[in-house]
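Reading the structure
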Number of protein chains: 2
Amino acid sequence: MPESAVIQQILAVLGTRPGVRVGIGDDAAVLEGDPLLLVAHDMFIEDVHFRWTTHSFADVGYAALAVNLSDIAAMGGAPVAALVGLASPSGVFGAAEIRAMYAAMEELAGETGCSIIGGDISRAKETVVGVTVVGRMPNGVPPALRSGARPGQLICVTGPLGASAAGRRVLDDPPARPGPIDARLVAAHKRPSPRLAAGMALARDGISAMMDISDGLCLDAGRMAVASGVRLTIDLDQVPVAEGVAAVAAHAGIDVAEFASTGGEDYELLVAIDPARAAGTATTLIPVGTVSAGDPGLVTLRHGRAVRLTQLGWDHVG
Amino acid sequence: MPESAVIQQILAVLGTRPGVRVGIGDDAAVLEGDPLLLVAHDMFIEDVHFRWTTHSFADVGYAALAVNLSDIAAMGGAPVAALVGLASPSGVFGAAEIRAMYAAMEELAGETGCSIIGGDISRAKETVVGVTVVGRMPNGVPPALRSGARPGQLICVTGPLGASAAGRRVLDDPPARPGPIDARLVAAHKRPSPRLAAGMALARDGISAMMDISDGLCLDAGRMAVASGVRLTIDLDQVPVAEGVAAVAAHAGIDVAEFASTGGEDYELLVAIDPARAAGTATTLIPVGTVSAGDPGLVTLRHGRAVRLTQLGWDHVG
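Heads up: these notes are all about the structure in this document. A quick note: this is a predicted structure, and the numbers were derived from the prediction, not measured.

This part covers the overall build of chain A. The helix and strand tally for chain A stands at 10 helices and 13 strands. Against the 2.2 N^0.38 benchmark of 20 Å for 318 residues, chain A shows a C-alpha radius of gyration of 19 Å, consistent with a compact globule. In chain A, which comprises 318 residues, the share counted as buried stands at 54%. Pairs at least 24 apart in sequence give 80% of the contacts found in chain A among residues at least 6 apart.

Bringing the environment of D215 of chain B into the picture now. Residues and elements named next belong to chain B. Tracing the chain through its elements places D215 in the loop between β8 (209-212) and α7 (217-228). Note: C-alpha distance between D215 and V22 (193 residues apart in sequence) is 22 Å. Residues contacting D215, with those up to four places away along its chain left out, are D220 and G264.

What follows covers unusual backbone geometry. Both trends apply: most residues other than glycine have a negative phi, and most peptide bonds are in trans. All names here are of chain A. Along the chain, D34 connects to P35 via a cis peptide bond; the corresponding omega equals 5°. Residue D47 is not a glycine yet carries a positive backbone phi of 70°. In this fold, D47 is placed in the loop between β3 (37-45) and α2 (57-73).

To continue, consider the relation of the copies chain B and chain A. Once turned by 180° and shifted 0.0 Å along the axis, chain B lies on chain A with an RMSD of 0.0 Å. In symmetry terms, the pair is related by a two-fold rotation axis. Most of the interface of chain B is mirrored in chain A, where 100% of its interface residues are also at the interface.

This brings us to the sheet that holds strand β9 (residues 231-235) of chain A. Residue and element names in this part refer to chain A. Read across the sheet, seven strands follow the order β8-β10-β7-β11-β9-β12-β13 without closing on themselves; strand pairing throughout is mixed. Looking along the sheet, the strands with just one partner apiece sit at the ends: β8 (209-212) and β13 (306-310). On average, each strand axis in the sheet is tilted by 20° relative to the strand beside it, whichever way the strands run. Sheet analysis places strand β7 (residues 154-157) next to strand β10 (residues 269-273), joined by four bridges and oriented antiparallel. In the strand pairing of β10, C156 is matched with V271. The strands that helix α7 (residues 217-228) touches are β7, β8, β9, β10, β12 (299-303) and β13; relative to β9, the one it contacts most, it runs at about 155°.

Our next topic: the sheet that holds strand β5 (residues 115-123) of chain A. Residues and elements named next belong to chain A. With mixed pairing, the six strands of this open sheet are ordered in space as β1-β2-β3-β6-β4-β5. Each having just a single partner strand, β1 (20-22) and β5 make up the two edges of the open sheet. The mean inter-strand angle of the sheet, taken between neighbouring strand axes irrespective of direction, is 20°. In this structure, strand β4 (residues 78-88) lies alongside β5, joined through eight bridges in parallel fashion. Along β5, the bridge assignment pairs S88 with R123.

What counts and what doesn't
- Residues numbered from 1 in each chain as written.
- Chains lettered and ligands numbered in written order.
- Predicted model: local features only at pLDDT ≥ 70, side-chain atom pairs only at ≥ 80, totals over all residues.
- Helix = DSSP H or I, 4+ residues; strand = E, 2+ residues; numbered from the N terminus.
- Rg over C-alpha atoms; globule rule 2.2 N^0.38 Å.
- Buried ≥ 20, exposed ≤ 12 C-beta atoms within 10 Å, placed from the backbone.
- Contact = placed C-beta atoms within 7 Å.
- Least-squares fit on C-alpha atoms with pLDDT ≥ 70 in both.
- Pairing = 2+ DSSP bridges.
- Axes fitted to C-alpha atoms, helices over the stretch in contact; angles between N-to-C directions.

Treat this as a map of the structure, not an account of what it does.
Rendered as structure tokens:
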């Protein structure tokens, strides 16, 4: 079953009770309170999200926390605390490996004002790191949802895309003589940087919709289109491409704009905003598309003279 | 490495920042705020915590949520929301299995005033269910910690023990003609009941220390002794034994009091309380031991004429 179908099955049996402002379906859930609370949970699993052949224990800890912090960034909130569930086969984690993994998480937690406050330890057939992050919305700032995009608005991203996917390819197929750019691409893949300051500033600046780009611009734009009930047009020629990605994409025989828009794991933010506001944000926004009415959930990809329609997640609105 | 050694390694690299009242080491973490927030995360893993040969999809969902709700009960709090991370091999969960698992969680969530508000779905080599529960302390009630036991106090439990461990043995080695008591023991194992009302009432009634009995009275008493820096004496002859456990223990050739005190997964509450208060609680408390000064972390087990010392978790205080 595709993930959207699984979520449909889950939503069909779940009820809602008071105290929940936003449940399943956004980057983080929102609980009522003063301040509003944010909660997100993502798993980071061996041979699905990382491999021991390419990732150190520190890399795994850092990335597992980073992708969860990115979900708090995508709501415009500030992280407060994290819990870590670590399951692994016996013999994988000794004392040094435990310290390396948690020290990397602690480094990122310290930089982002977050404390690691608990979790669980168990055995499993492979290493599974499940991280939960609790965050808070700043006073008076509403959480930024995926569902707020409105016709006439611009679709923007907060930075260049494709570095993480390029880094993954460099790891899979290392160049004969890796250069400094290769190292930067690999670092972008292994140590994603949650855009917390940008997320908070943009939520304060009154963007209409926001989410993080975890599965690639094209797929995530489809999710915003579905959640907002609007049609999005993405101009792939406008998509900012990170340095060094062009060479990796060329080596792989993939058009660079498509590579940067579908690779995923960039953790830049995707934003819908009124054109009049877009120029006034403290955070640099790079326009990549527009919102229009009709055909809810449809994404039109323009690229040179080519136009392609995608209906990612269409079953979710049916 | 034993779990306590792993936790020592983790604590060695973690810093603390403002906003956290209780971090790693109690049943749930406590975040500052009004109300105080509780957060707990426990994993429920195939072939570690359950087996598909004995557990249905509904059983797995129910138990995975129940053990986390028990952590909120052990602090004296009320659950608000839960997030569920579900990882499994492809082919295990179809639409019907997803619905069955989440409907069982929803049933328990509804009974306990909790909403399932998010989570994650992924692939893995075995089924891993990681649940995070967020709870709240009632206004003016301090969270009940493991560290509050003081010399002169009584150690009590909230109900009879051993049913879950007996149910597990019935599942492993089914009787030729299972009776209604066998079914009740199996249900106690598969569908543990978090003692939320008791936990909230006891926290309000001013108990000094509280935790849930997840790994057996003897082991968990050792944890309370370590956290409180006191010595506990448990009289195994006073331990209340659930109906039907005696026959299962006899069949297994294990002394029934030892069986009930070491089996685990009962999720009754373990409490330290001043003797003068113990008779006045609205919740029935069954005394099983006493707190004394000296030898912090030591547990003395009395049983008939036998006396045994245990130092579970001793390395944790060293």
